[in-house]
Amino acid sequence: MKQLHTFDDIFDTQKTFRLLLDAMANPSRVVSIQEGAEKLYGSKPEMLTLAMTLLDKNTGFYTFGHTELDEQILLLTHAEKKTLEEADYVFVTEEEHLPEAFAKAKRGTLENPHTSATLIIGCSGERNVSCSISGPGVDGVATFQSPAVLEEAFRLRTEQAYEYPQGVDMIFVSPEGELFCIPRMVKKEEQ
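Fair warning: this is a prediction, and the values are worked out from it, not measured in the lab.

**Section: the overall build of the protein chain**
1) Next: Broken down by element type, the protein chain carries six helices and ten strands.
2) Next: The C-alpha radius of gyration of the protein chain comes to 16 Å, within 12% of the 16 Å expected for a compact globule of 191 residues.
3) Next: Taking the principal axes of its C-alpha atoms as reference, the protein chain extends roughly 55 × 30 × 30 Å.
4) Next: By the burial criterion, 48% of the 191 residues in the protein chain qualify as buried.
5) Next: Of all intrachain contacts in the protein chain linking residues separated by at least 6 positions in sequence, the fraction that spans at least 24 positions is 60%.
6) Next: In the form shown here, the protein chain has an accessible surface area of approximately 9,500 Å², with 49% of it arising from carbon and sulfur atoms.
7) Next: Both charge centroids of the protein chain, one from 18 positive and one from 31 negative side chains, sit 3 Å from each other.

Here you go:
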């Protein structure tokens, strides 16, 4: 039997999860999940690496109709394909889908903010926009170079006017496997 993917369900998911936790606990820190992504095939191996790490049969996902990614996630994680409004994880492979993702993704409730969605946003590897952030996991204000899509994501998130502690977590990942996170309580500072 020929094995298409060489990604290990235990060891590679653990390694990816640790990197993801590091990035989520330290907003603006860039980590690389390329090692795991190289073991997967298809048009979006970096997204599939995160799907295999975060999803299981008890979670729901949405991909804006990205057929290949849908099929691979269903096959490898057994997660349930849901509507955008019901999904726990929303895979945004094209920037044009960001407005709809922010407008319709689960934001949690005041009593259960943890029931919000996580947006996994594809971005370019070019970090050419200076961004300053503050909030949990940031010592004062952190300034870092980010992809341009982060500016748009912050703008769209601000338009939603989430009531504290509601909101969505954002994971940004490039095709090269570079990843950074912006948790829902981290805010953009004007420079």
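Text resumes after the structure shown.
**As for the sheet that holds strand β10 (residues 187-189)**
1) Next: Strand order in the open sheet formed by three strands is β7-β6-β10, with antiparallel pairing between adjacent strands. The outermost strands of the open sheet, each flanked by one partner alone, are β7 (142-146) and β10. Neighbour-to-neighbour, the strand axes of the sheet open up by a mean angle of 50°, direction not taken into account.
2) Next: Here five bridges tie strand β6 (residues 129-134) to β7, and the two strands are oriented antiparallel to one another. Its bridge partner being in β7, I133 is matched across the sheet by A142.
3) Next: Relative to the sheet, helix α6 (residues 149-159) contacts β6, β7 and β10, its axis offset from that of β6 by approximately 40°.

**Looking at the packing of helix α1 (residues 11-25) against helix α3 (residues 45-54)**
1) Next: Where α1 contacts α3, the two axes come as close as 9 Å, and the packing angle between them is 100°. One finds that α1 runs roughly perpendicular with respect to α3. Listed contacts from α3 to T13, T16, F17 and L20 of α1 are T49, L50, M52, T53 and L54.
2) Next: When grouped by side-chain class, the residues that make up the contact of α1 with α3 number five nonpolar, four polar and no charged.

**Looking at α6**
Because each turn of an α-helix spans 3.6 residues, side chains separated by three or four positions in sequence point in the same direction.
1) Next: Within α6, the full set of buried residues consists of V149, L150, A153, F154, L156 and R157. Projection of α6 onto a plane perpendicular to its axis shows the buried side chains occupying an angular sector of 165°, all on one side. Facing away from the buried side of α6, by more than 90 degrees, are the exposed residues T158 and E159.
2) Next: After α6 finishes, the residue A161 shows a positive phi value of roughly 50°.

**Here's the deal with the pattern of salt bridges**
1) Next: In this structure the tally under the stated criterion is twelve salt bridges.
2) Next: Residue K39 is joined to D12 by a salt bridge in which the shortest nitrogen-to-oxygen separation is 3.0 Å. In this pair, K39 is assigned in the loop between α2 (34-37) and α3 and D12 in helix α1, connecting sequence segments 27 residues apart.
3) Next: The salt bridge involving R29 is made with D22; its shortest N-O contact spans 2.7 Å.
4) Next: Beyond isolated ion pairs, a larger network of salt bridges with shared partners links E152, R155 and E159.

Cut-offs used in this document
In this convention, every chain numbers its residues from 1, walking through the sequence in written order. Thresholds applied to this predicted model are a pLDDT of at least 70 for local features of residues and 80 or more for the giving and counting of side-chain atom pairs; totals over whole chains, interfaces and linings are not thresholded and use all residues. Computation of side-chain values covers all heavy atoms of the structure but excludes hydrogens and water. The secondary structure listing takes helices from DSSP runs of H or I that are at least 4 residues long and strands from runs of E that are at least 2 residues long, numbered from the N terminus. Radius of gyration here is computed from C-alpha atoms only, and the compact-globule reference equals 2.2 Å multiplied by the residue count raised to the power 0.38. Relative accessibility under 20% of the residue-type maximum defines a buried residue, over 50% an exposed one, and the middle range a partly exposed one, all with a 1.4 Å probe and only protein chains included. Only heavy atoms matter for contacts: two residues are in contact if any of them lie within 4.5 Å across the pair. All accessible areas in this document rest on Shrake-Rupley with a 1.4 Å probe, and a residue is counted as covered only by the protein chains that are shown. Note on charges: Lys and Arg go in the positive column, Asp and Glu in the negative column, and His and the chain ends are not counted at all. Every charge is mapped onto a representative atom, which is NZ of Lys, CZ of Arg, CG of Asp or CD of Glu. Pairing between strands is defined by DSSP: at least two bridges between them are needed. Here, axes are lines fitted to C-alpha atoms. For helices the fit covers the stretch in contact, and angles between N-to-C directions go from 0 to 180 degrees. Angles are sorted into four bins: roughly parallel if under 35 degrees, roughly antiparallel if over 145, roughly perpendicular if 65 to 115, and oblique for all others. Note on residue classes: Ala, Val, Leu, Ile, Met, Phe, Trp, Tyr, Cys and Pro are nonpolar, Asp, Glu, Lys and Arg are charged, and everything else, Gly too, is polar. Directions are taken from the helix axis to each C-beta atom, and the arc is the one they span. What counts as a salt bridge is simple: a side-chain nitrogen of Lys or Arg found within 4 Å of a carboxyl oxygen of Asp or Glu.

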